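Residue strings, one per chain:
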Amino acid sequence: MRVPVDWLREYVEVPTDARGADIAESLVRVGLEEEGLHGGDVTGPLVVGKVLTMEPEQQKNGKTINWCTVDVGDANGTGEPQGIVCGAHNFAPGDLVVVVLPGGVLPGGFEISARKTYGHVSAGMICAADELGFPDDGSGGIIRLAERLGRDDLTPGEDAIPLLGLDRETVEINVTPDRGYCFSIRGVAREYSASTGATFTDPAIALGDKAPRANDAGFEVRIEDAAPLRGQVGCSRYVARIVRGIDPTAPTPAWLAVRLTEAGMRSISLPVDVTNYVMLALGQPLHAFDLATLDGPIVVRRATEGEKLTTLDDVERTLFAEDLLITDQQRILAIAGVMGGENSEVSDATRDVLIESAHFDPVSVARTARRHKLPSEASRRFERGVDPLLAPAAAQLAVDLLVEYGGGTVDEGVTDVGTAYEPVSIALNPKDIGRIVGVEYADDRVREILTQIGCEVSPEFTVTPPSWRPDLTTWPDLAEEVARIDGYDKIPSIVPTPPGGRGLTTSQAARRLVGESLAAQGLFETWADPFIGDDAFEALGFASDDPRRQTVRIANPLSDEKPWFRTTVLPGLLEALRRNVARGSKDVAIFEQGLVVGGPAGTAKTYPVGTYPGPEAVAAIEQAVPAQPRMLGWALTGHADRAGWWGGGRAADWSDAIAVARAAAEALAVELVVTAGDRAPFHPGRCAQLALPDGTVIGHAGELHPKVIGRLGLPARTVAGELDLDALIAAAGSPQARILSNFPVVQSDIALIVPSQTPSADVERVLRSAAGDNLEAIQLFDVYDGDQVGEGRKSLAYRMTFRADRTLKTEEVNGFRDAAVAAAEQEFGATLRA
Amino acid sequence: MSGPNTNYDPVEVSALDPAQVDANVQAALDAIAAAGDLDQLKQVRTAHAGDKSPLALANREIGALPPTAKAEAGKRVGQARGRVGQALKERQAELEAERDERILIDEAVDVTMVPGRRPLGRRHPIEQMGRRIADIMVGMGWEVAEGPEVEAEWFSFDALNFDEDHPARQMADTFYIDPPEHGLVLRPHTSPVQARAMLERGAPLYVACLGRVFRTDELDATHMPAFHQVEGLAVDEGLTMAHLKGTLDRLASELFGDGIVTRLRPSYFPFTEPSAEMDLRCFVCRGTDPDCRACSGTGWIEWGGCGMVNHNVLRACNIDPERYTGFAFGMGVDRALMFRTGASDMREMIEGDVRFDAQFGMEI
């Protein structure tokens, strides 16, 4: 909302020396945020000049410039004509123009000095509209004052700043949705008064007093809303006034046009300008109909699905059944509160005007404006709630202006139909306000503030908010009014003392630990947005029945290519990996902890605001939300151990991918059971299945399938993994301490020849189990599959470390070892390698 | 030890001549002093103190002397050998010390060579920022709550007093799960976690809700369709806006430095009444620089929204507004990260470029 300062001064006594910035600060204090300050940023000398001579000079660059001499009176200190180079051509000797002399500053801090250009010293500038911050008026640039101001009594050298209104300031503010009344100068003036104590005069009061009562001679209007929305009739009040015999060529007075321009609207024609002016002044949107086009009584009704109307913006719109319409006996005239129709528009030929000043239901207008994607100045105000008592005063102001400037005469007939406004009453315990704000307010102070903002307060503190404040319905609403007018800055700062929390949950602490463990292993955390497309599933090679294709679709995705919520964090990770490589990082190891959809979605009901739907209903809502496990994903490419002056590096391979999973599990003291797996997107021979000790599979890791690597454009041999972090954390146990033996260890090395496909982990498990309780550790320290062990076989060399709570004898250890070997022989056909 | 004097040879007896002994001692001392390293000293030791050295031979002759001469000769030779032995010991120590020192010099390396076999990875700076905020809240006795990203519309809107016609519920702002009438959205704020916490735990309640939220904004330098929020919710008997301000002031000073406070400005949010915007004292100029670029010279930076929990929210979440009051606040974690680190392009936060993470340590 743009607030021209001089307009504001008309309704509230702003101190003479208050600048736009001061006004903005006062408004911010009561909740009207400053969006910007306009105007007031030109400093002179900026004067009226009369062009004396003008010599076109052709330049080498093909341009023609004008070497001008301009009479600027005594403004240049000499009284001599001023020499100025000008590139524009839309003026002629004798024209009155605007000249900025050296030392002047134009909008944007553009300082003017005399400078040499095109072979002349140009001592200043002849100003174009845009250079002074005005919209380009289409005249081709240079402002010709006689035409612009409609005056020729100007003297060269006269200060042009006040002439052009460049000393006028406009404060632009942001209006929150609860304060619809501040979409008017009237409302902002009231807030300024509340903030500063300056005297406010409500312009609506005198106008309302002046407005005649409804009578039988008014134009007939019928409100026939057959389908109110949420119990509210679409139109609660309709005031109509008629002005006849307007001179269609009467111009809009300059002061009014300037105010409109400053408020951000264009001047169009007197009737239209008047309706816009009243809306900006008071907050009541009006509509002017060409009376000659109306046929019979006006009927306010809902649309029939499929009806059509061409609106003022020249768009034919198909109407929805919920749209509220203004109609006559023949046609649809307007979409109520949103936009008028072309067919009843006031035109150059209009002589008789019907002014509509109505109150439309916020919900109805809001829905219609959204459905038609047609936000208008009117709908913006109706959506936020227009003062329901304002209609007669607003119509009166419009009538007055049309009579005064259009030469019309007002009809005696006055229409005012609808339902009477019923104010709400709020029972207030004034002490409650202090109890929620934290400041002690005396009862008198509460009464003073509430009265100041327009409430009626009974001796027993029954508060009746003013008609322009539909947002005030509960006592906390009143608390906000008292607190903001008294000043939020008076609220003290007290740190509350909670009863004492339990710290982070186990899961939260575990996730931190896993993340930090992975970072310590050299992995960098990334996060990606969760939106993926079918192409991601294809690229990863998910089969058509892969459960990871089962997810929810976004109804309004940013990109139609990516409508799905992810079921795996791998697509985002692999994209980030590729991006890193493309940007020149060769050795990249990254991970992400993120939510995915892991179950079906149901239908979640909604219930009206302010009501607890009950435990069953809440449980049903929770049930409808799909399960969203937190996944841990990782991907590595390039060197796991880097190359450098210390020697060659080691490329990341499938084992590094598994090592990440092991690190995460180890951090939580979970034993991870790794077996051979086969799952997209992994290489079938280099994929590990990751399971909990109870057999629950929680993820996979390994080298990506070469086809996946090809489709995604990843470096060869890229490795990755993903596991269900929630499941891993849930399995985190609390290991029990055992007594540590300090007796010496005895080591025994064995090499077993087994069939190539035998998983070493299986061999190890059998050895471990058969070697007995004194086996402290077992490590696979060598794998050999050369000629010496024969085709289709491999040799696994294990170091077994024994310890007991006494010194073990060599024969005992040999016995354990032999038992282990025997078990491996029996289980796998293993033979001891000589 | 020499044997009995059965083979007396006058020539050899000259070895016990005092002048000769002295000469031998001097020769030994000279040789010891001249030994440049431990190997040379070893040779000197053999030559001048070994079994075949002149002094050892002289010692051997003592046994052959008449008993009257034995004592004196023995003393003389003994002292001579003692001097030589002492000199050897001292030189040995000297040379060993020199050797040890030289080894250390020889073993010197170029410590400026940068190792990097496996550089440290990083947690994401946004995660670190969230963790820091969570720790501050936990330090104040609050707990941290989380919730799903695909969330019920009721938790996201109705329970929070956004009625069915509230503009935020439009598809222009909020992602809906298809079909929209099934009542699921991508949560547009972390507030549904507040609703869940109230329903699950009841009052008194002090929870910080951290997580990722979604709005239908195209990705650019200052917008992300997915970003991170932290919200605080306290519900207890007797809570006021003063407690809200106290909590925000504490959080601000812990995050941005001593003396950084907040300012409340009247505003509007459906879930709070009274409502406020909170500004943060400019952490760059602290309100002292009219040309400050961080705050445009205003001294304040917009931080987020807050207020006293609307009674409709308490009611929807089964908390008695007659007994309890509550306050709530919310702010962007990504924005806090930008404030704290000067990061200026949000795209860098989501692209996963490891160079972004690597600029920071493991604590922000």
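As annotated in an unreviewed UniProt entry, chain B is Phenylalanine--tRNA ligase alpha subunit from Metallococcus carri. What UniProt records for chain B under Sequence similarities (unreviewed entry) is the sentence "Belongs to the class-II aminoacyl-tRNA synthetase family. Phe-tRNA synthetase alpha subunit type 1 subfamily." Annotation of chain B in UniProt includes, under Subunit (unreviewed entry), the sentence "Tetramer of two alpha and two beta subunits."

By the naming in an unreviewed UniProt entry, chain A is Phenylalanine--tRNA ligase beta subunit, taken from Metallococcus carri. Per UniProt, chain A carries the Subcellular location (unreviewed entry) text "Cytoplasm".

A. Structural view of the side chain of Asp249(B). Examined against the element boundaries, Asp249(B) turns out to sit in helix H9 (residues 241-256). There is a polar contact of 2.7 Å between the side chain of Asp249(B) and the side chain of Ser493(A).

B. Just the packing of helix H2 (residues 18-34) of chain B against helix H3 (residues 38-49) of chain B, in detail. Residue and element names in this part refer to chain B. Axis separation between H2 and H3 bottoms out at 9 Å; the angle between their running directions is 170°. Compared by their axis directions, H2 and H3 come out roughly antiparallel. Across the interface between the two elements, Asn-24, Ala-27, Ala-28, Ala-31, Ile-32 and Ala-34 from H2 touch Gln-40, Leu-41, Val-44 and His-48 from H3. Of the residues contributing to the contact of H2 with H3, the split by class is seven nonpolar, three polar and no charged.

C. Structural detail: the UniProt feature "domain: B5" (unreviewed entry) in chain A. In the numbering used here, UniProt assigns the "domain: B5" (unreviewed entry) feature to residues 421-493 of chain A. Taken end to end, residues 421-493 of chain A comprises 41% helix and 10% strand; its first and last C-alpha atoms sit 42 Å apart.

D. Geometry of empty space enclosed by the protein. Tallied over the entire structure, the rule returns three cavities of 30 Å³ or more. As for the largest cavity, its lining consists of 31 residues, of which Arg511(A), Arg630(A), Glu127(B), Glu146(B) and His228(B) are closest to the centre. Where the lining of the largest cavity is concerned, the elements lending two or more residues are helix H15 (506-520) and strand E30 (588-595) of chain A together with helix H6 (125-139), strand E4 (205-214) and strand E5 (226-236) of chain B. Residue contributions to the lining of the largest cavity peak at five residues, all from H6(B). In terms of residue class, the lining of the largest cavity is made up of eight nonpolar, ten polar and 13 charged.

Analysis parameters
- Residues numbered from 1 in each chain as written.
- Chains lettered and ligands numbered in written order.
- Predicted model: local features only at pLDDT ≥ 70, side-chain atom pairs only at ≥ 80, totals over all residues.
- Heavy atoms only, no water.
- UniProt positions renumbered as here; feature names shortened; annotations may be inferred.
- Helix = DSSP H or I, 4+ residues; strand = E, 2+ residues; numbered from the N terminus.
- Polar contact = N/O pair within 3.5 Å; in protein donor to acceptor, adjacent residues only side chain to side chain.
- Axes fitted to C-alpha atoms, helices over the stretch in contact; angles between N-to-C directions.
- Parallel < 35°, antiparallel > 145°, perpendicular 65-115°, else oblique.
- Contact = heavy atoms within 4.5 Å.
- Nonpolar A, V, L, I, M, F, W, Y, C, P; charged D, E, K, R; others polar.
- 1 Å grid on protein atoms, 1.4 Å probe; cavity = no way out; pocket = protein on both sides within 12 Å on 5 of 7 lines; lining within 4 Å.
- Points joined across faces, edges and corners; volume = space filled by probe spheres on them.

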